[in-house]
Amino acid sequence: MPFVSCDPEKEQGAVFSSNALAVLDFLESCRGAPEGAVALLFPRHYRDSLRILRGAGFARRCWMPNHDPFWCPASAKPPATVEEYRERSALGWLAARLLEAGARLEGNRAVFPSGRSFQVVVWRGSGSVPNGCLAVCLGDVPPPPGAELWVFAKDLPERRLKECLYRRR
């Protein structure tokens with residue numbers, strides 16, 4: 001059974017790199033993201049920035065066998081379970097794809113350039129979701145009834161948001 005490992009907490013130091021601070025802002029906006037999502041947004045400096053943030057105690061690296069490392073800001077609790085790791089990784093990818101598309105994640109809402117916003121929920125295939133939400137579907141489950149928009153988490157690392165965002169007709 002896989003388990004989640006995480007760097008120990010560290011006393012915070014100082015960060016003087018504007019690049020590292022930009023990465024930290026992104027990580028804090030979505031409560032953490034997989035390394036691939038960080039690399040998508042900050043391809044030139046993500047490695048150095050993550051090293052700086054980790055060394056200064058502002059980010060912790062979490063990992064699980066056969067998964068990208070997940071970078072968690074010190075302001076958020078790291079994922080404790082495999083399920084939480086997968087959910088937060090999917091949300092981190094969504095946040096990266098939203099930024100890439102000119103939109104943003106604000107708390108639990110996706111805000112598009114048009115000004116429209118949608119509550120973001122993770123859909124595991126059971127339960128209910130609020131009407132009109134944006135659902136991030138984990139695994140091979142059909143989109144939930146009530147979701148206006150949805151993405152499949154497995155598509156986010158490989159495809160732009162426009163290519164993997166579906167709308168109920």
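Located above this text is the structure these notes cover.
The structure contained in this document is the topic of the report that follows. (Residues numbered from 1 in each chain as written. Predicted model: local features only at pLDDT ≥ 70, side-chain atom pairs only at ≥ 80, totals over all residues. Heavy atoms only, no water.)

Quick look at the overall build of the protein
The number of helices and strands found in the protein is five helices and ten strands. Computed over C-alpha atoms, the radius of gyration of the protein comes to 16 Å, within 12% of the 15 Å expected from 2.2 N^0.38 for 169 residues, which places it in the range of a compact globule. Principal-axis analysis of the C-alpha atoms gives the protein an extent of 50 × 40 × 25 Å. By the burial criterion, 46% of the 169 residues in the protein qualify as buried. Counted over contacts in the protein with a minimum sequence separation of 6, partners at least 24 positions apart contribute 46%. Accessible surface, the protein as shown: approximately 9,100 Å² in total, 50% of it carbon and sulfur. Seen as two clouds, the 23 positive and the 18 negative side-chain charges of the protein have centres 4 Å apart. (Helix = DSSP H or I, 4+ residues; strand = E, 2+ residues; numbered from the N terminus. Rg over C-alpha atoms; globule rule 2.2 N^0.38 Å. Buried < 20%, exposed > 50% of the residue type's maximum accessible area, 1.4 Å probe, protein only. Contact = heavy atoms within 4.5 Å. Areas by Shrake-Rupley, 256 points an atom, 1.4 Å probe, with all protein chains shown as cover. Lys, Arg positive; Asp, Glu negative; His and termini not counted. Charge placed at Lys NZ, Arg CZ, Asp CG, Glu CD.)

A word on the packing of helix H1 (residues 18-30) against helix H3 (residues 46-55)
Helix-helix packing: each pair is described by the crossing angle between the helix axes and the interaxial distance. Following both chains from N to C, one finds H1 and H3 inclined at 75°, their axes separated by 8 Å at the closest point. The orientation of H1 with respect to H3, classified from their angle, is roughly perpendicular. Where H1 approaches H3, its residues Asn19, Ala20, Val23, Leu24 and Leu27 are matched on the opposing element by Ser49, Leu50, Ile52 and Leu53. For the contact of H1 with H3, the per-class residue count stands at seven nonpolar, two polar and no charged. (Axes fitted to C-alpha atoms, helices over the stretch in contact; angles between N-to-C directions. Parallel < 35°, antiparallel > 145°, perpendicular 65-115°, else oblique. Nonpolar A, V, L, I, M, F, W, Y, C, P; charged D, E, K, R; others polar.)

Some thoughts on H1
Taking 1.5 Å of rise per residue, 13 residues should cover 18 Å, and H1 covers 19 Å from first to last C-alpha, within 8% of that figure. Of the positions making up H1, those classed as buried are Ala20, Val23, Leu24, Phe26, Leu27 and Cys30. Buried residues in H1, looked at end-on, bunch into an arc of 160°, giving them a common side. In this structure serine 17 caps H1, since a side-chain oxygen of it lies 3.3 Å from the backbone nitrogen of asparagine 19. (Expected span 1.5 Å × (residues − 1). Arc of directions from axis to C-beta. Polar contact = N/O pair within 3.5 Å; in protein donor to acceptor, adjacent residues only side chain to side chain.)

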